[in-house]
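# Observations on chain architecture
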Amino acid sequence: MKLVFERSRAGRKTAYFPALDVPAWKPETPLRAEAPRLPELPETEVDRHYTELSKQTYGVNNGFYPLGSCTMKYNPKINEDMAALPGFTGLHPLQPMETVQGALQVMEDIEKYLCEITGMDAMTLQPAAGAHGEFTGLLLIKAYHKSRGDEKRTKIIVPDSAHGTNPASAAMAGFEVISIDSDAHGFVDLDALRQAVGENTAGLMLTNPNTVGLFDPHILEITQIVHEAGGLCYYDGANLNAVMGIARPGDMGFDVVHLNLHKTFSTPHGGGGPGSGPSGCKAFLAEFLPGMRAVDGKLERASRSIGDVRGFYGNFLVVVKALTYILTIGAAGVPETAANAVLNANYMKEKLKDLYPMAYDHVCMHEFVMSLEQMKKENGVTAMDIAKALLDGGIHPPTMYFPLIVHEALMVEPTETETKETLDEAVALFRQIHEEALRHPEIMAEKPEKTPIRRPDEVLAARSPVIRYAFED
Ligand SMILES: *Cc1c(COP(=O)(O)O)cnc(C)c1O
């Protein structure tokens, strides 16, 4: 497709301003020597440009999007309606308190619900995403040890199945990362954990269900081992969709959590909008929370606050969407959502496992991981090839090559919002591609054939992205 600069013709325009009714102002010494080279187009062309652009991409609104670990569930339109209410969009963060009581109520309500769902006592809404919530939670752990004069606790234990943000956040928060192996079932190896903890342990970071989609049956033992060594337990809440309303991290022994409102609580993510990663904690850590919390119609800063991790109150309108979602599905809908997410994942897993070997063939939670290792060895067809072929079939591929502990991994998370018909169509496509891969392995490296862009050089695209238009003259 043509770029907006290529559609541009000098002098064409969309906006027509009324004649000036104040004296014109011209700076004596302009800051820039030349006018910016903005594209000039009439409204029809602008409209067509963006419509065409939107057709080049793929979102939850286009079709099935089983991107594991990302919980790409449908974002109900009512969330957008609520977040667009002028009473919310027209707010200024420095308005007098008596004029923003509704917004404070939103913050108080969602904190109450999220604390109830996670088993935490207090929460900050400041962090802008999951990774930011991790960083915030780790700063709470750091502040806690420091407040007790226990500054030798410099190590954070992270299982090798963890999401990459976990070790990255721990390192950013100034900790040393200790990686421990998973056992043959994909769970935390208890012996490895016992050996790893000690007087230098600041804490453990864990997601449960873990990144291979399994609920760790030793979870109480795990948190106990860490606590007995004097460390704290951090729950990466990205996989909460599988257990919300059924099992609470607070009851599993976790002290700090983050949630991804843009995953579990149905606010758009990816290119769709800003995220929100609230950090929650048990009461004994609440005095360190960042930012201002809404309490009884007022804003309060915690007594030994770590400061601010973001401006004002975080991505407030994302919080409005998440609250709308919680109120829409209601108290009974929260566990029902989790149950359906688990049901959908197990349904697909059972329908695929004869062709696609499961990395861990247990009853899974909200997602499952397949391994194409054998296919690669015998036919030379990789997980990447299968993913690319799925694009031609009109669905978004699963997560590829994650978690790192599974070779040739494809990680499927159907989410609860998909119908049985959609799951059946996806299963049929997976099976048809498998058949094709066995019959014509040589053509698989040519996939996809139908997408606007076929196989980009991903390393080059990541290392040297072209993000500016190069004018010819
Ligand atoms: C998505 C995810 C994160 C990071 O969350 P962001 O909102 O993308 O920063 C962390 N851990 C797990 C397991 C995830 O799936």
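Residues numbered from 1 in each chain as written. Predicted model: local features only at pLDDT ≥ 70, side-chain atom pairs only at ≥ 80, totals over all residues. Heavy atoms only, no water.

## Focus on the site of the ligand
Taken together, the neighbourhood of the ligand is formed by Ser69, Ala129, Gly130, Ala131, Glu134, His163, Thr165, Asp236, Ala238, Asn260, His262 and Lys263. A distance of 2.6 Å separates an oxygen atom of the ligand from a polar side-chain atom of His262. Between the ligand and Lys263 there is a distance of 2.8 Å, counted from an oxygen atom to a side-chain nitrogen or oxygen. Against a free-state accessible area of 380 Å², the protein chains account for coverage of 87% of the ligand. (Near = heavy atom within 4 Å. Polar contact = N/O pair within 3.5 Å; in protein donor to acceptor, adjacent residues only side chain to side chain. Areas by Shrake-Rupley, 256 points an atom, 1.4 Å probe, with all protein chains shown as cover.)

## Looking at the side chain of Ser69
Here Ser69 is to be found in the loop between helix 2 (43-55) and helix 3 (77-83). Judged by relative accessible area, which is 6%, Ser69 ranks as buried. (Helix = DSSP H or I, 4+ residues; strand = E, 2+ residues; numbered from the N terminus. Buried < 20%, exposed > 50% of the residue type's maximum accessible area, 1.4 Å probe, protein only.)

## Considering the sheet that holds strand 6 (residues 256-258)
The 7 strands lie next to each other as 1-7-6-5-4-2-3, forming an open sheet whose pairing is mixed. Two strands in the sheet have a free side with no partner beyond their single neighbour: strand 1 (122-124) and strand 3 (176-180). Going from strand to strand, the sheet's axes swing by 25° on average, the running direction of each strand aside. Relative to strand 6, strand 5 (residues 232-236) runs parallel, the two sharing 3 bridges. Bridge assignment links Tyr235 to a residue of strand 6, and that residue is Val257. (Pairing = 2+ DSSP bridges. Axes fitted to C-alpha atoms, helices over the stretch in contact; angles between N-to-C directions.)

## Details of unusual backbone geometry
For the bond running from Asn208 to Pro209, omega is 5°, close enough to zero to count as cis. Cis geometry marks the peptide bond from Phe402 to Pro403; its omega dihedral reads -5°. On the secondary structure map, Pro403 appears in the loop between strand 11 (399-400) and strand 12 (409-412). A positive phi angle, near 60°, is found at Ser266, a position not held by glycine. Looking at the element boundaries, Ser266 is found in the loop between strand 6 and strand 7 (279-281).

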